[in-house]
Amino acid sequence: MSSALSRAGFHVLGDADTGVPGLRVVEVATGAVVSWAASDEFISLARHRGGRAAGDDSMKVIVQAAVSGLLAQLGHTVTTTSDGSDLLVLADAVAAAQTPRS
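Residues numbered from 1 in each chain as written. Predicted model: local features only at pLDDT ≥ 70, side-chain atom pairs only at ≥ 80, totals over all residues. Heavy atoms only, no water.

**Section: the overall build of the protein chain**
Counting its regular elements, the protein chain contains four helices and four strands. Sequence separation of 24 or more characterises 37% of the internal contacts of the protein chain that already satisfy a separation of 6 or more. When the accessible area of the protein chain is evaluated, it comes to approximately 6600 Å², of which 54% is carbon and sulfur surface. (Helix = DSSP H or I, 4+ residues; strand = E, 2+ residues; numbered from the N terminus. Contact = heavy atoms within 4.5 Å. Areas by Shrake-Rupley, 256 points an atom, 1.4 Å probe, with all protein chains shown as cover.)

**Thoughts on the pattern of salt bridges**
Per the stated rule, a full pass over the model turns up one salt bridge. For D86, the salt bridge identified is with K60, shortest N-O distance 4.0 Å. Taken as a pair, D86 in the loop between strand 3 (77-80) and strand 4 (87-90) and K60 in helix 3 (residues 57-73) lie far apart in primary sequence, 26 residues in all. (Salt bridge = Lys/Arg side-chain N within 4 Å of Asp/Glu carboxyl O.)

**Quick word on the sheet that holds strand 2 (residues 31-37)**
Reading across from one edge, 1-2-4-3 is the order of the four strands in this open sheet, with antiparallel pairing throughout. Strand pairing shows two members of the sheet lacking a second neighbour, strand 1 (22-28) and strand 3, which therefore form its edges. Going from strand to strand, the sheet's axes swing by 25° on average, the running direction of each strand aside. Bridge count for strand 1 against strand 2 is seven bridges, and the pairing is antiparallel. Paired with L23 across the two strands is W36, which belongs to strand 2. (Pairing = 2+ DSSP bridges. Axes fitted to C-alpha atoms, helices over the stretch in contact; angles between N-to-C directions.)

**As for the side chain of D86**
On the basis of relative accessible area, D86 is assigned to the buried category, the value being 16%. Reaching out from D86, the side chain makes a polar contact with the side chain of S85 at a distance of 3.5 Å. With sequence-adjacent residues up to four places away left out, D86 is seen in contact with V33, V34, S35, W36, K60, Q64, T79, T80 and T81. (Buried < 20%, exposed > 50% of the residue type's maximum accessible area, 1.4 Å probe, protein only. Polar contact = N/O pair within 3.5 Å; in protein donor to acceptor, adjacent residues only side chain to side chain.)

In structure tokens:
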């Protein structure tokens, strides 16, 4: 998953990149969680230009849409986490279990 995102031009952070802004992929029991965090500089600039407290919200939506679309094109089943803050890419077995049968 990380390699597919990297090949598409996304900068994916490694395990050692804790506390660093960017795109992160973490494996979980049901698949993988893909999250994005903006840098402090980006948030500050977005606040200055947009006058909103949550300056990275619109960019986060754009990043999530791009990542979700790419992974769906590659055949992955993508949804959001239960709190809606990150993307959840379901493992093949989990996705197959959730697919209704005819």
